[in-house]
Amino acid sequence: MGYSPLRRRQHVRRTNHRACTRIHRLNSLLPSVPAPTHCCSLSAAGLARLMATPQQPAGGASASKTIEQARKVGYVAFLQRVPFAVDAHRLGYATGICEDYTLQQSQYANVDVPVSVLDNDFRDPDVERWTRVFERHEPNVGIIGDAFTEAEAREYVEVAQELRRAYPEATLVIVPKCEAAFDVIPDWVVLGYPAGSHAGKADHTPEEYSALADWRGRRLHLLGGAPQRRWTLIQELTQPTVTGLEPANIVGMDYNGFFANALRYGDVWYPVQPHWRTHDDSSLRERVRMSLEHAKAYWQQRGVWATHEDQSAVLSPDDPVFATRGTPFDPTEAELFDCEFGQPGGDEGSGVLVEYDDGIVLAYTSQKHRRFLEHRTGVYREHGDPQRVRAQQS
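Just so we're clear, the structure is a prediction, and the values are computed from it rather than from any experiment. (Residues numbered from 1 in each chain as written. Predicted model: local features only at pLDDT ≥ 70, side-chain atom pairs only at ≥ 80, totals over all residues. Heavy atoms only, no water.)

Peer 1: Break down the overall build of the protein for me, with residues and values.
Peer 2: Summing up its helical and strand segments, the protein has 13 helices and 15 strands in all. Across the 394 residues in the protein, those meeting the buried criterion constitute 48%. Partitioning the contacts of the protein with sequence separation of at least 6, the portion at a separation of at least 24 is 61%. As presented, the protein carries roughly 20,200 Å² of accessible surface, and 50% of it is formed by carbon and sulfur atoms. (Helix = DSSP H or I, 4+ residues; strand = E, 2+ residues; numbered from the N terminus. Buried < 20%, exposed > 50% of the residue type's maximum accessible area, 1.4 Å probe, protein only. Contact = heavy atoms within 4.5 Å. Areas by Shrake-Rupley, 256 points an atom, 1.4 Å probe, with all protein chains shown as cover.)

Peer 1: Could you give an account of the nonpolar core, naming the residues involved and the relevant values?
Peer 2: Within the largest apolar cluster, 70 residues are counted, with the highest numbers of intra-cluster contacts made by Phe78, Tyr93, Ile144, Leu222 and Leu237. Once residues lying within four places of it in the same chain are set aside, the contact partners of Phe78 are Phe84, Ala88, Tyr93, Ala94, Thr95, Gly96, Tyr255, Asn256, Phe258, Phe259, Val288 and Leu292. Within the second largest apolar cluster, 12 residues are counted, among which are Tyr75, Val141, Val175 and Leu223. (Core = buried A, V, L, I, M, F, W, Y, C linked by side-chain atoms within 4.5 Å.)

Peer 1: I'd like a description of the environment of Ala151, backed by residues and values.
Peer 2: Tracing the chain through its elements places Ala151 in helix 6 (residues 150-166). Separated by 29 residues in the primary sequence, Ala151 and Ala180 have C-alpha atoms spaced 9.3 Å apart.

Peer 1: Talk me through helix 13 (residues 367-377); I want residue IDs and the actual numbers.
Peer 2: All of the buried residues in helix 13 are Gln367, His369, Arg370 and Glu374. Each buried residue of helix 13 lies within a common arc of 150° when the element is viewed along its axis, so the set occupies one face. In helix 13, the exposed positions that point more than 90 degrees away from the buried face belong to Lys368, Arg371, His375 and Arg376. (Arc of directions from axis to C-beta.)

Peer 1: For the packing of aromatic side chains, give the residues involved together with the corresponding values.
Peer 2: In total, this model carries 12 aromatic pairs according to the counting rule given. An angle of 80° between the planes, with centres 5.2 Å apart, marks the rings of Tyr298 and Trp299 as edge-to-face. Here Tyr298 and Trp299 have matching classes, each one buried. Here the aromatic residues Tyr255, Phe258, Trp269, Trp276, Tyr298 and Trp299 are joined through ring pairs into a cluster of three or more. The ring of Trp188 carries Arg164 above its face, with NZ or CZ at 4.2 Å from the centroid. Positioned above the aromatic ring of Tyr298, the side-chain terminus of Arg302 is 3.7 Å from the ring centre. (Phe/Tyr/Trp six-rings, centres within 6.5 Å; stacked < 30°, edge-to-face > 60°. Lys NZ or Arg CZ within 6 Å of the ring centre and 35° of its normal.)

Peer 1: Go over the packing of helix 5 (residues 127-137) against helix 6 with me, naming the residues and quoting the values.
Peer 2: At a closest axis distance of 12 Å, the pairing of helix 5 and helix 6 adopts a crossing angle of 20°. On the basis of their axis angle, the class for helix 5 and helix 6 is roughly parallel. Helix 5 and helix 6 meet at a crossing whose hand is right-handed. Seen from helix 5, the contacting residues are Val127, Trp130, Thr131 and Phe134; seen from helix 6, they are Glu155, Tyr156, Val159 and Leu163. Across the contact of helix 5 with helix 6, the residue classes break down as 6 nonpolar, 1 polar and 1 charged. (Axes fitted to C-alpha atoms, helices over the stretch in contact; angles between N-to-C directions. Parallel < 35°, antiparallel > 145°, perpendicular 65-115°, else oblique. Left-handed = near helix turned anticlockwise from the far one by under 90°. Nonpolar A, V, L, I, M, F, W, Y, C, P; charged D, E, K, R; others polar.)

Peer 1: Describe the pattern of salt bridges, and please don't skip the residues or the numbers.
Peer 2: Evaluation of the coordinates by the stated rule reveals 8 salt bridges. Arg285 is the salt-bridge partner of Asp87, the closest N and O atoms lying 2.7 Å from each other. Separated by 198 residues along the polypeptide, Asp87 in helix 4 (residues 84-91) and Arg285 in helix 11 (residues 284-301) bring together distant segments of the chain. Across the pair Asp146 and Lys177 runs a salt bridge, and its minimum N-O distance is 3.1 Å. Linking Asp146 in strand 4 (residues 141-147) with Lys177 in the loop between strand 5 (171-176) and helix 7 (179-184), this pair joins segments that are 31 residues apart in sequence. Taken as a pair, Asp146 and Lys177 share a single burial class, namely buried. (Salt bridge = Lys/Arg side-chain N within 4 Å of Asp/Glu carboxyl O.)

Peer 1: Help me get a handle on the packing of helix 10 (residues 257-265) against helix 11, residues and values and all.
Peer 2: Look at helix 10 against helix 11: their axes get within 9 Å of each other, and the N-to-C directions meet at 140°. As summarised for this structure, helix 10 and helix 11 are arranged oblique, according to the angle between their axes. Along this stretch, helix 10 crosses helix 11, giving a crossing that reads as right-handed. Where helix 10 abuts helix 11, its residues Phe258, Phe259, Ala262 and Leu263 lie against Leu284, Arg287, Val288, Ser291, Leu292 and Ala295. Here the contact of helix 10 with helix 11 is composed, by residue class, of 8 nonpolar, 1 polar and 1 charged.

Peer 1: Could you give me a rundown of a negative patch on the surface, with the residues and numbers involved?
Peer 2: On the surface, Asp126, Glu128, Glu155, Glu158 and Glu162 cluster together into a negatively charged patch. Looking at the negative patch element by element, the count peaks at 3 residues for helix 6. Within the secondary structure, Glu162 sits in helix 6. (Patch = residues over 30% accessible without salt bridge, like charges linked within 9 Å, V, L, I, M, F, W, Y side chains within 5 Å. Lys, Arg positive; Asp, Glu negative; His and termini not counted. Charge placed at Lys NZ, Arg CZ, Asp CG, Glu CD.)

Below you can see the structure in the form of structure tokens.
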């Protein structure tokens, strides 16, 4: 007599449970290798990958080389506005935005921060709106959305297929948030792994809907999570197992918590405990910059950091620039935003360079200072072009 659909699902789950129990026992022989968690929620694709993997002993020089390559990312992203994006870009981070905000750099004539990564607004998802922003910026990496159902996963895959035809070099990411999504998302799409403590929308953590084997052997983008948390996760996803599972290929990751913690608590992240330390005597930009520098050194030490060269997004003028107070201005020192060249009491982060119709470029210590002097000297901003101003006709 055949099983009813309900009995059949129960039978499959019990079979999975027995198989994974044996894996738990085998893994217990190697203390350095964590046992799979929540094996009974293993997707069909994950189970097939688990059963099809040849049983090979872990270790050896070739295995170490494979793990080393799997852990070395192609990019580490920091998605934040200017001026924080300027520092991140200079340090070699991939800069970018979420679809619901911009880099806020249009007011600066000499700043050009690229949008290399485009994230989605997971609180208010709209794939059509996200696609329009993607087509406008043409980023290297696009995180399409969170698939909470099989239908959502299929919709996002269709979007990825269309973008793949138009932008074949782009890295496209879909975040599976249910077991069925793993069976729908093809291997050429990167899986987004929620690595943060709250895992984004609805606090849906990977342990609730997947097993470790669902992620092994796939290309992954780690979403969120402080560096020490992500490093633990990277080891779990790449280290050898007695079942010979392929390591996950960590292609990239992003984390914006450096800005949030610096803003809310005045904290800077450090590679050693305590990881978060308060810096009340530093500016917001200085705190974020220190965290970015510490995190870069942390990933370099572990062989994870991408080998991007440091580069500046602040363009130096071709001709000498003089500040309105009559002294030479060196943009390599103040870099437009620090206002170290400004008057006492000038607003931090509000310095600006302005190019006029006669070709002269002037540096102002703040927008307030600029408006005051432009009014006194009879210049005004042309409508529709905030980068250029011209002398008012007398």
